[in-house]
Amino acid sequence: MSTVPKLKQVVTRGNELNVEGEAKVYRSLRHFWHVVAYSHEVTDQPVGFTLCEQDIVIVRLNGEISVFDDLCPHRGTRLSIGTVRDGCRLECPYHGWQFDQEGHLALAPQRPDLAGHLRAQTRRYQSVEKYGMVWVCLEDKPHFPLPEYPVWDDPEFHYVAVPPDDWKCSAPRRVENYTDYSHFAILHDGYLADRTVPQVPPHDVWRNDNKLENLQGQDAWVRVPIDSAAWGGKDKPEDPYLRLRFNWRVFMPLTCVYDITFQDGNRYHLLFHPTPMGPKKIRNFTVSSRDFGDRNNAKQELSDFVKLIYDQDKYVVESQRPEELPEDLTKEMHLKGVDKFSVEYRLWLLELAKQLTRE
Ligand code: FES
Ligand SMILES: [Fe+2]
């Protein structure tokens, strides 16, 4: 009799949503760089994608990436079902209008005499290729520069682009999941940590330029079961656990970069970005790098390991309500010292949202 009303109360409270507040966070994401594809996926075959509910087409013209509205200005056909002509113009399949690298109409075949005098164009968005990924910002002035991933230029590292995966959740929820210390020992028991050691090591959290950083104390090595880690095919030692130290940073608002150092000095790094396709849908993009193990096996081993962990997270994150992070911190509960990163992350996210969505 006494437990039922209590449970009801908890569920109701967890579902409260300040729609206006949460929508601001989502709207503010337009002002930042997002990954829309891996570089190797973009050829002279145009591909469509949806970034913050904006349909875009990504294509390689003259060897460089161009990103346009996925909409022909003539009659609204999707340009992503079009064709590249002469390697440098994107042709709409309906009446054959052709657009150059800048999105300007270069040719309407029905009136070739107008070439050079046509003012029509499809909107072009700025894009950058970096870390084997294509980054796009929907607004003219990105609020922060591109995230940094220094090991990209280090020839010691083997690099893998993990196949993308779509999840039904909001992007900030996913970032919070990615950076949540205290679920490792429970949800990833036997893979990322050990259920018998659920304590969160002491750590500091601070803002540094455009990133939220954290670092554990120098002696805070974490035990990770060897079978499940990105072990790289090395001979297994007697001790079934690895010791590793990891720290990470979030390039606000969504890019997570991990540095993991094993006790023997081997290094494993990750760059992760959950791109918001809509308020409650993301595409997970991950590049993963290590400086040990067999280079020939890196692709399979790193991808398999990341997928294994992501699959454990997916069904939990997709179940969270509300899908957005509540704007009001008191709507959910936070453990002192344990959930420090989440709290600081939410506070900064909300500051950015207020700043960027000011009317
Ligand atoms: S709709 Fe694209 S050319 Fe007519
Ligand atoms: Fe996780």
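Before reading on, note that the structure itself is shown above.
About the thresholds
Residues numbered from 1 in each chain as written. Chains lettered and ligands numbered in written order. Predicted model: local features only at pLDDT ≥ 70, side-chain atom pairs only at ≥ 80, totals over all residues. Heavy atoms only, no water. Pairing = 2+ DSSP bridges. Helix = DSSP H or I, 4+ residues; strand = E, 2+ residues; numbered from the N terminus. Buried < 20%, exposed > 50% of the residue type's maximum accessible area, 1.4 Å probe, protein only. Axes fitted to C-alpha atoms, helices over the stretch in contact; angles between N-to-C directions. Parallel < 35°, antiparallel > 145°, perpendicular 65-115°, else oblique. Left-handed = near helix turned anticlockwise from the far one by under 90°. Contact = heavy atoms within 4.5 Å. Core = buried A, V, L, I, M, F, W, Y, C linked by side-chain atoms within 4.5 Å. Domains from an automatic or database assignment.

For the rest of this paragraph, the subject is the sheet that holds strand 7 (residues 98-99). Spatially, 5-6-7-8 is the arrangement adopted by the four strands of the open sheet, whose pairing is antiparallel. Pairing within the sheet leaves two strands with one partner each, and these edge strands are strand 5 (83-85) and strand 8 (105-107). Note: strand 6 (residues 89-91) against strand 7, two bridges, orientation antiparallel. Pairing of L90 across the sheet is with F99, part of strand 7.

So, about the environment of L308. Counting through the fold element by element, L308 comes out in helix 5 (residues 295-317). With a relative accessible area of 36%, L308 lands in the partly exposed category. In this structure, the C-alpha to C-alpha distance between L308 and H188, residues 120 residues apart in sequence, is 9.8 Å.

Each pair of packed helices can be summarised by the angle the axes make with each other and by the distance between the axes. Packing of helix 3 (residues 171-178) against helix 6 (residues 340-356) brings their axes to within 10 Å, and their N-to-C directions diverge by 150°. In terms of orientation, helix 3 lies roughly antiparallel with respect to helix 6. Crossing hand, helix 3 versus helix 6: right-handed. The residues of helix 6 that touch helix 3, namely those facing P172, R173, V175 and E176, are S342, Y345, R346 and L349.

In this section: the packing of helix 3 against helix 5. Their axes nearest at 11 Å, the elements helix 3 and helix 5 cross at an angle of 130°. In terms of axis orientation, helix 3 runs oblique to helix 5. Helix 5 is crossed by helix 3, and the crossing has right-handed handedness. Residues R174, N177 and Y178 of helix 3 form the contact with helix 5, whose participating residues are Y310, D313 and V317.

For C256, the position within the fold is in strand 16 (residues 255-262). By relative accessible area, C256 is classed as buried at 0%. Taking the C-alpha atoms as reference points, C256 and P147, 109 residues apart in sequence, are found 8.9 Å from one another.

A word on the nonpolar core. Counting residues in hydrophobic clusters, the biggest one holds 83 residues, and the most contacted among them are I58, M133, M252, Y268 and Y345. The greatest single-element share of this core, amounting to eight residues, is contributed by helix 6. Each of domain 1 (32-137) and domain 2 (155-356) gives at least three residues to this core. Excluding anything up to four places from it in sequence, Y345 contacts P172, V175, E176, L212, V250, M252, P253, L254 and L325. Counting residues in hydrophobic clusters, the runner-up holds 13 residues, among them L79, L90, C92 and L105.

Fair warning: the whole summary comes from geometry, so function is off the table for now.
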